[in-house]
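The lines below spell out each chain.
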Amino acid sequence: LFAVQIENGYASYGNDVANLEALVRMVRASGFNGILNTADGDSDTRLATEPIDGVWKTLMLGERPEVGLEVLSRQQPGLPAMVSEFWVGQGMRAGVPRRLRDTAVIARDLDRLLAAGAHVGLYMFHGGTNFGFMSGGLVQQAPERFEPFVTSYDTQAPLDESGEPTPKYHALREVLARPAPGAVASAPIPAGPPKRAYGRTPLTGWAPLWPQVEKLATSVHRAT
């Protein structure tokens, strides 16, 4: 069973039903006939898009799961609850103090979500690295500034960037094991990958981004 998410956090930005309906038509025109969903925040403000025929609303949240589930149930009665992004950590942005999410609280809230019968996707389960300027960022309105994500996209994931299980991995494993503790206990925990120190690699040159844009793409459009 497959699902395609047609938007991500769109209700935090706008409520253009025509845009969402156009995306649905594009996906259906490709021949896909499975589940379509959106993923939005956990309040009436951030989950405010009008219902789109044939599109399942799902949540993105990092705390107080019962609040998000109540909003979702009220806006979308009778359908299963799904948290597409359960934030087990926090991305790091340049110039912004690092925010850590408490492992005990995350484990508690995951337990609450599962007890409520919700489907849950961890964001992220495995940390990673985005090279160069591909990490994206956030535009803050007050005060107005751009906050780029750093190259590391570990986000305090249960498996860190190197693939090593963390204390958070073990805490969430314990929660997930409760319905069938014997079966989970017999499943081995994967060993972390081998590691090696490669020493220092000196940087011998650099180039600013904007003068290189035309060299990185066949077509460039500059907004005015």
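Let me begin by describing the structure that accompanies this report. Per chain, residue numbering runs from 1 following the sequence as it is written. Local features are withheld for residues below a pLDDT of 70 in this predicted model, meaning they are given only at 70 or higher, and side-chain atom pairs are given and counted only at 80 or more; totals for whole chains, interfaces and linings count all residues. To obtain the side-chain values, all non-hydrogen atoms of the structure were included, while hydrogens and water were left out.

**Things to note about the overall build of the protein chain**
Right, so step 1: If you tally the helices and strands in the protein chain, you get 6 helices and 9 strands.
Right, so step 2: For the protein chain, the spread of C-alpha atoms along the principal axes amounts to about 60 × 50 × 40 Å.
Right, so step 3: Each residue's exposure class comes from its accessible area (1.4 Å probe, protein chains only) as a fraction of the maximum for that residue type: buried when under 20%, exposed when over 50%, partly exposed otherwise. Counting over 224 residues, the protein chain shows a buried share of 32%.
Right, so step 4: In what follows, residue pairs with any heavy atoms lying within 4.5 Å of each other are defined as contacts. A separation threshold of at least 6 residues defines the contact pool for the protein chain, and within that pool the share at least 24 residues apart is 62%.
Right, so step 5: Note on areas: these come from Shrake-Rupley sampling with a 1.4 Å probe, and a residue is covered only by the protein chains present in the view. Carbon and sulfur atoms provide 59% of the accessible area of the protein chain, an area that totals close to 14,600 Å².
Right, so step 6: Counted charges follow a simple rule, with Lys and Arg positive, Asp and Glu negative, and His plus the chain ends left uncounted. Lys charges are placed at NZ, Arg charges at CZ, Asp charges at CG and Glu charges at CD. Charge centroids of the protein chain, computed over 21 positive and 23 negative side chains, lie 6 Å from each other. Per the convention used, a helix needs a DSSP run of H or I reaching at least four residues, while a strand needs a run of E reaching at least two, with both numbered from the N terminus.

**Describing the nonpolar core**
Right, so step 1: What is meant by a nonpolar core is a set of buried Ala, Val, Leu, Ile, Met, Phe, Trp, Tyr and Cys residues, joined one to another through side-chain atoms within 4.5 Å. With 17 residues, the main nonpolar core has Leu59, Val83, Phe86, Leu113 and Leu172 as its most contacted residues.
Right, so step 2: Sorting the residues of this core by element identifies strand S3 (55–61), helix H2 (65–75), strand S4 (82–87), helix H3 (103–115) and helix H4 (167–177) as the ones contributing at least two each.
Right, so step 3: When residues no more than four places from it in sequence are discounted, the contact partners of leucine 113 are Pro65, Leu69, Val83, Phe86, Ala118 and Val120.
Right, so step 4: Ranked by size, the runner-up nonpolar core spans 9 residues in total, among them Ile6, Tyr10, Phe32 and Leu36.

**Considerations on the side chain of serine 152**
Right, so step 1: Its place among the elements puts serine 152 in strand S9 (residues 152–153).
Right, so step 2: For serine 152, the side chain forms a polar contact with the main-chain nitrogen of aspartate 154, separated by 3.4 Å.
Right, so step 3: When neighbours within four sequence positions are excluded, serine 152 is seen to be in contact with Met92, Gly128 and Glu161. The definition of a polar contact used here is a pair of N or O atoms within 3.5 Å, where within protein one atom must be able to donate a hydrogen and the other to accept one, and adjacent residues in sequence count solely through side-chain atom pairs.

**Focus: the packing of aromatic side chains**
Right, so step 1: Only Phe, Tyr and Trp rings are paired, with Trp represented by its six-membered ring, and only when their centres lie within 6.5 Å; those with planes under 30 degrees apart are stacked, over 60 edge-to-face, the remainder tilted. Under the criterion given, the structure shown has 4 aromatic pairs.
Right, so step 2: Both rings, one in tyrosine 123 and one in tyrosine 153, keep their centres 6.4 Å apart while their planes meet at 80°; by these two values the pair is edge-to-face. Linking tyrosine 123 in strand S5 (residues 119–123) with tyrosine 153 in strand S9, this pair joins segments that are 30 residues apart in sequence.
Right, so step 3: Relative to tyrosine 153, the ring of phenylalanine 149 lies with its centre 6.0 Å away and its plane at 75°, an arrangement referred to as edge-to-face.

**Side note on the sheet that holds S5**
Right, so step 1: Only when DSSP finds a minimum of two bridges between them are two strands counted as paired. Across the sheet, 5 strands lie side by side as S1-S2-S3-S4-S5; this open sheet has parallel pairing. Because the sheet does not close on itself, it has two edges, and the strands there are strand S1 (3–8) and S5. Looking at each pair of strands side by side, their axes are set apart by 30° on average, direction ignored.
Right, so step 2: By the bridge criterion, 4 bridges tie S4 to S5 in an arrangement that is parallel. If you follow methionine 82 over to S5, its bridge partner there is histidine 119.
Right, so step 3: In this analysis an axis means a line fitted to C-alpha atoms, helices contributing only their contacting stretch, and an angle means the value between N-to-C directions, from 0 to 180 degrees. Helix H1 (residues 17–29) contacts S1, strand S2 (35–40) and S3 of the sheet and is inclined by roughly 150° relative to S1.
Right, so step 4: In this fold H2 packs onto S3 and S4, with an angle of close to 165° to the strand it touches most, S3.

**Points about the packing of H2 against H3**
Right, so step 1: Interhelical geometry of H2 versus H3 gives an angle of 30° and a closest axis separation of 9 Å. When the axis of H2 is compared with that of H3, the two are roughly parallel. When H2 is examined against H3, the residues Pro65, Glu66 and Leu69 are found in contact with a partner set consisting of Asp109, Arg112 and Leu113. When describing relative orientation, an angle under 35 degrees is termed roughly parallel and one over 145 degrees roughly antiparallel, while 65 to 115 degrees is termed roughly perpendicular and anything else oblique.

**A short note on the pattern of salt bridges**
Right, so step 1: We define a salt bridge as a side-chain nitrogen of Lys or Arg found within 4 Å of a carboxyl oxygen belonging to Asp or Glu. The full count for this structure, using the stated rule, is 12 salt bridges.
Right, so step 2: As a salt-bridge pair, arginine 112 and glutamate 66 come within 3.8 Å of each other at their nearest N and O atoms. Note that arginine 112 is positioned in helix H3 and glutamate 66 in helix H2, a separation of 46 residues in sequence.
Right, so step 3: Given a relative accessible area of 41%, glutamate 66 falls into the partly exposed group.
Right, so step 4: Glutamate 70 is paired through a salt bridge with arginine 74; the nearest N and O atoms lie 2.9 Å apart. You can see glutamate 70 and its partner arginine 74 sitting in helix H2, 4 residues apart, about one turn around the helix.
Right, so step 5: Connected through salt bridges with shared partners, the residues Glu66, Arg108, Asp109 and Arg112 form a single ionic network.

**Focus: a nonpolar patch on the surface**
Right, so step 1: Patches here are clusters of residues that have more than 30% relative accessible area and form no salt bridge, with a 9 Å joining cutoff for like charges and a 5 Å cutoff for nonpolar side chains (Val, Leu, Ile, Met, Phe, Trp, Tyr). On the surface, a nonpolar cluster with roughly 350 Å² of combined accessible area is contributed by Leu209, Trp210 and Leu216.
Right, so step 2: Along the chain, tryptophan 210 turns up in the loop between helix H5 (181–185) and helix H6 (213–216).

Distances and angles like these do not, on their own, reveal function.
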